[in-house]
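Spelled out, the chains give:
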Amino acid sequence: MSPKDYTAQNIQVLKGLEAVRKRPAMYIGDVTSRGLHHLVYEIVDNSIDEALAGFATIINVVIGKDNSIAVEDNGRGIPTDMHPVEKIPAVEVIMTVLHAGGKFDKSSYKVSGGLHGVGASVVNALSEWCHVEIYREGFTYNQSYERGIAKTKVEKGKATSKQGTKVHFLPDNTIFKDTEYHFDILAKRLKELAFLNKNLEINILDERDDHKENYKYEGGIIEFVEYLDEGRSPIHKPPIYIEGIREEIPVEISLQYNSSYTENILSYCNNVNTVEGGSHLSGFKSALTRSLNSYAQKNGIIKTGDKTTLSGEDVREGLTAIISVKVAEPQFEGQTKTKLGNSEVRGAVESLLNEKLLDYLEMNPSIARKIIEKSIQAARAREAARNARELTRRKSALESNSLPGKLADCSTNDPEESEIYLVEGDSAGGSAKQGRDRRFQAILPLKGKILNVEKARLDKLLSNDEIKTIITALGTGIGSEDFDISKLRYGKIILMTDADVDGSHIRTLLLTFFYRYMNELVQQGKVYIAQPPLYKIKNGKSETYAYTETEKDSLLQKIEEEEKRKIVLQRYKGLGEMNPEQLWTTTMDPETRTILKVSVESAFDADLIFTTLMGDEVEPRKKFIEENAKYVKNLDV
Ligand code: 0R9
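So, a few notes on the structure that sits alongside this text. All values reported here derive from a predicted model rather than from experimental measurement.

**Structural notes on the packing of aromatic side chains**
Line of reasoning, step 1. In this structure the tally under the stated criterion is 6 aromatic pairs.
Line of reasoning, step 2. Here the basic side chain of K162 rests over the ring of Y135, its NZ or CZ set 4.2 Å away from the ring centre.

Here is the structure:
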């Protein structure tokens, strides 16, 4: 390499690194804990590519005692020979040159990729140090970097019979405020990746406490569907599985019907959960409706010319499905860049499913009949719901004030600044009404427990008074035919329940309701949980509040010994024990309160939590509570 080439290369690398370190959020989304975990996914994605190319079969992830991360695969090893254009070893290009993905090697077919898909150089640039070790062609090769800059040349080391690549890095604590890795977050994503890539073995070890997990699914997305349906009762076993390649797009679909009324379809493109759906999901929905209707008509289950054709919603009631496609050049669109835009994918999924689902139904007539009968029942219930809705609409048109009587509305009409508190119980509702700022805060007291929506259809929901009141107060309508977020009357919906067992049950019921029937509200971050204090600590005239046990302990510790005798510690069992002023100061005043925004990080997790906690099956619920005791200790299920 001439000195001139080397200098040009160095300038390019330094410029790239500078850009990444200056605006890390542009490359990894943000520098919170989410961005920190994203670094791991970027590296794992490279190993997944090697698995998709047919070479790697095992990926090991280790969280070090120092919160460093080591990812190792048993693929071919990153090439160490000179890159023809950059004139430095290929591995150094991968690790230091921005956007140098597998694609610079034209023969490689890179389909995986996180949402950001920025590659190893970004991880390297944001790490205090990074070491790469390659086992290739009988030897070990090493290179070390600091904050993205190579500190050594690629060095040939000991002979080895191993093959693969190991990337070990420590995230830079001057970039990330929080550098602590969470085993559960990484494990959840790795498990999802193992489901999506059948036969790929993924191991995770946490050296801080020796916790480890091993994921390997021979059945891939079939096992994924079974896992999602653990708390439900399937109406056929095993899940239906369809795979094939159309227009050079590999498509995999697994689906199973269960006795519930909820639809749970997760779609993926290149292992990315496309939360906002897109062309693959549209193709799936269209083919499912078409195939089931055409089978039903052909076999006389629904007569031709009968007006009871099954709608998309009817055939998706009680359906759990995974759709996974691999697209060479994916276009991610939408608000959160999780909507697949490639239009050719719709046709590919649609034609494959149309053909193969019809084959399946013809080969399995008794299952086909069960599915269609379930869909017919759903159609009838939907008709009943439509009538119930119409009745409510006509009734409220007759009443001069169509808002519920027990709603204490706010004076502003501007949803941007208004909020509604859904409050457990009339007594707390009364305090909240007196304590609130009526200009922008509305209060809706709820009596007792609302209906468990996991166990009821929309028509039954619409005959429940508490649910009806919530729907009318929010103004959005409900169900896919009616729901319209632009009609939402409040910018924030705040759930305020007691800090006891019943309170947390009501909160879970409400969250389930919003997640299942007004999902857009959750996706758009409109739903919040109020945080009332657990304790009041009265010390003479001064009153302080503690919101957690730890906070209470640390506040008590700070109080001098001789003063301790004077302290009155009150444990709040319910919101009703606070007077209006206290409720305002501790829980409702936007200047001083803390409210938690409900967010759904991972759809597969949220669904599982709701079905397990609210569903019929006792065993999975027990298991879930045991495994997640630290998160759900207050839930009465
Ligand atoms: C631990 C994380 N793993 C990786 O980052 C990783 C990258 C990688 C890889 C190849 C094989 N394994 C890998 N693991 C590879 C090898 C070959 C061709 N393409 C890919 C080959 O042997 O010919 N690479 C990813 C990009 C590159 N290699 C390349 F651009 F340098 F070729």
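Still more ground to cover, so stick around.
**Digging into the environment of L596**
Line of reasoning, step 1. Locating L596 in the fold gives a position in strand β24 (residues 595–597).
Line of reasoning, step 2. A relative accessible area of 42% places L596 in the partly exposed class.
Line of reasoning, step 3. Counting along the chain gives 102 residues from L596 to I494, while the straight-line C-alpha distance between them is 8.9 Å.
Line of reasoning, step 4. Sequence-distant contacts of L596, that is, excluding residues within four places in its chain, are made with V527, Y528, I529 and Q531.

**Re the nonpolar core**
Line of reasoning, step 1. Ranked by internal contacts, the top residues of the largest apolar core, which has 64 residues, are V40, I69, M95, F169, Y181, F224 and I322.
Line of reasoning, step 2. Ignoring anything within four residues of it in the chain, the contact list for M95 reads A120, S121, N124, C130, V132, Y145 and V167.
Line of reasoning, step 3. The next biggest cluster of nonpolar side chains, apart from the first, holds 43 residues, and it includes I470, L495, L509 and V598.

**Digging into the environment of I94**
Line of reasoning, step 1. Considering the arrangement of structural elements, one finds I94 in helix α4 (residues 90–96).
Line of reasoning, step 2. Assessed through its relative accessible area of 15%, I94 is described here as buried.
Line of reasoning, step 3. Placed 30 residues apart in sequence, I94 and N124 show a C-alpha to C-alpha distance of 9.8 Å.

**Side note on the sheet that holds β24**
Line of reasoning, step 1. An order of β18-β17-β19-β20-β24 is seen for the 5 strands of this open sheet, with the pairing classed as mixed. Each end of this open sheet is capped by a strand with a single partner; those strands are β18 (441–446) and β24. Pairwise comparison of adjacent strand axes, ignoring direction, gives a mean angle of 25° for this sheet.
Line of reasoning, step 2. Along the sheet, helix α12 (residues 426–435) makes contact with β17 (419–424), β18 and β19 (492–496), crossing β18 at roughly 170°.

**Some words on the sheet that holds strand β23 (residues 568–571)**
Line of reasoning, step 1. Spatially, 3 strands are ordered β22-β21-β23 in an open sheet, and the strand pairing comes out antiparallel. Only two strands of the sheet have a single neighbouring strand rather than two, namely β22 (542–546) and β23. Put simply, the sheet's adjacent strands are angled 20° from each other on average, direction ignored.
Line of reasoning, step 2. Where strand β21 (residues 535–539) and β22 come together, 5 bridges link them in antiparallel fashion. Its bridge partner being in β22, K536 is matched across the sheet by Y545.

**What to know about the pairing of strand β2 (residues 69–73)**
Line of reasoning, step 1. Summarising burial for β2: 5 of the 5 residues are buried, a large majority.
Line of reasoning, step 2. Covered by surrounding structure in β2 are I69, V71 and D73 together with A70 and E72, the residues of both alternating faces.
Line of reasoning, step 3. The pairing of strand β1 (residues 58–63) with β2 spans 5 bridges and is classified as antiparallel. Looking across to β2, one finds that N60 is bridged to E72.
Line of reasoning, step 4. Linking two consecutive strands that pair antiparallel, namely β1 and β2, is a turn of 5 residues; a positive phi of about 65° is found at N67 within it.
Line of reasoning, step 5. Pairing geometry for β2 and strand β7 (residues 164–171), over 5 bridges, is antiparallel. From the neighbouring strand, E72 faces β7, where its bridge partner is K166.

**A look at helix α3 (residues 33–52)**
Line of reasoning, step 1. Its 20 residues give α3 an end-to-end C-alpha distance of 28 Å, which sits within 8% of 28 Å, the value for a rise of 1.5 Å per residue.
Line of reasoning, step 2. Judged by how many residues are buried, α3 sits mostly within the fold: 17 of 20 residues are covered.
Line of reasoning, step 3. Just downstream of α3, G54 is the residue with a positive phi angle, here 95°.

**Thoughts on the packing of α12 against helix α18 (residues 580–588)**
Line of reasoning, step 1. Packing of α12 against α18 leaves a shortest axis separation of 8 Å and a crossing angle of 80°. One finds that α12 runs roughly perpendicular with respect to α18. Here α12 contributes A428, S431, A432, Q434 and G435 to the contact with α18, which in turn contributes P580, L583, W584 and M588.
Line of reasoning, step 2. For the contact of α12 with α18, the per-class residue count stands at 6 nonpolar, 3 polar and no charged.

**Describing the pairing of strand β4 (residues 139–146)**
Line of reasoning, step 1. Taken together, the 8 bridges between strand β3 (residues 127–136) and β4 define a ladder with antiparallel strand orientation. Of the residues in β4, the one forming a bridge with E133 is N142.
Line of reasoning, step 2. The turn joining β3 and β4, which pair antiparallel and follow one another in sequence, is formed by 2 residues; a positive phi near 50° is taken by E137.
Line of reasoning, step 3. By the bridge criterion, 2 bridges tie β4 to strand β5 (residues 149–150) in an arrangement that is antiparallel. Paired with E146 across the bridge in β5 is I149.
Line of reasoning, step 4. The hairpin turn running from β4 into β5, its antiparallel successor, is 2 residues long, and R147 in that turn takes a positive phi close to 45°.

Here is what the cut-offs are and how they apply
By convention here, each chain's residues receive numbers from 1 onward along its written sequence. Local features in this predicted model are restricted to residues whose pLDDT is 70 or higher, and side-chain atom pairs enter the listing and the counts only when it is 80 or higher, whereas totals over whole chains, interfaces and linings include all residues. Side-chain metrics rest on all non-hydrogen atoms present in the structure, leaving aside hydrogens and water. Aromatic contacts are taken between Phe, Tyr and Trp rings whose centres are within 6.5 Å, Trp giving its six-membered ring; a plane angle under 30 degrees counts as stacked, one over 60 as edge-to-face, and the others as tilted. Geometrically, a charge over a ring is one whose NZ (Lys) or CZ (Arg) sits within 6 Å of the ring centre while staying within 35 degrees of the ring normal. To qualify as a helix, a DSSP run of H or I must reach at least 4 residues; to qualify as a strand, a run of E must reach at least 2; elements of each kind are numbered from the N terminus. Exposure classes here rest on a 1.4 Å probe applied to the protein chains alone. A residue is buried below 20% of its type maximum, exposed above 50%, and partly exposed in between. Every residue pair with non-hydrogen atoms within 4.5 Å of one another is taken to be in contact. Each nonpolar core is a collection of buried residues, namely Ala, Val, Leu, Ile, Met, Phe, Trp, Tyr and Cys, held together in the definition by side-chain atoms within 4.5 Å. Strands are labelled as partners when DSSP assigns at least two bridges between them. A fitted line through C-alpha atoms serves as each axis, taken over the contacting stretch for helices, and the angle formed by two N-to-C directions is quoted from 0 to 180°. One less than the number of residues in a helix, times 1.5 Å, gives the span that helix is expected to have. Angle categories are assigned with fixed cut-offs, so that under 35 degrees is roughly parallel, over 145 is roughly antiparallel, 65 to 115 is roughly perpendicular, and the rest are oblique. Following the grouping adopted for this structure description, the nonpolar residues are Ala, Val, Leu, Ile, Met, Phe, Trp, Tyr, Cys and Pro, the charged ones are Asp, Glu, Lys and Arg, and the polar ones are all others, Gly among them.

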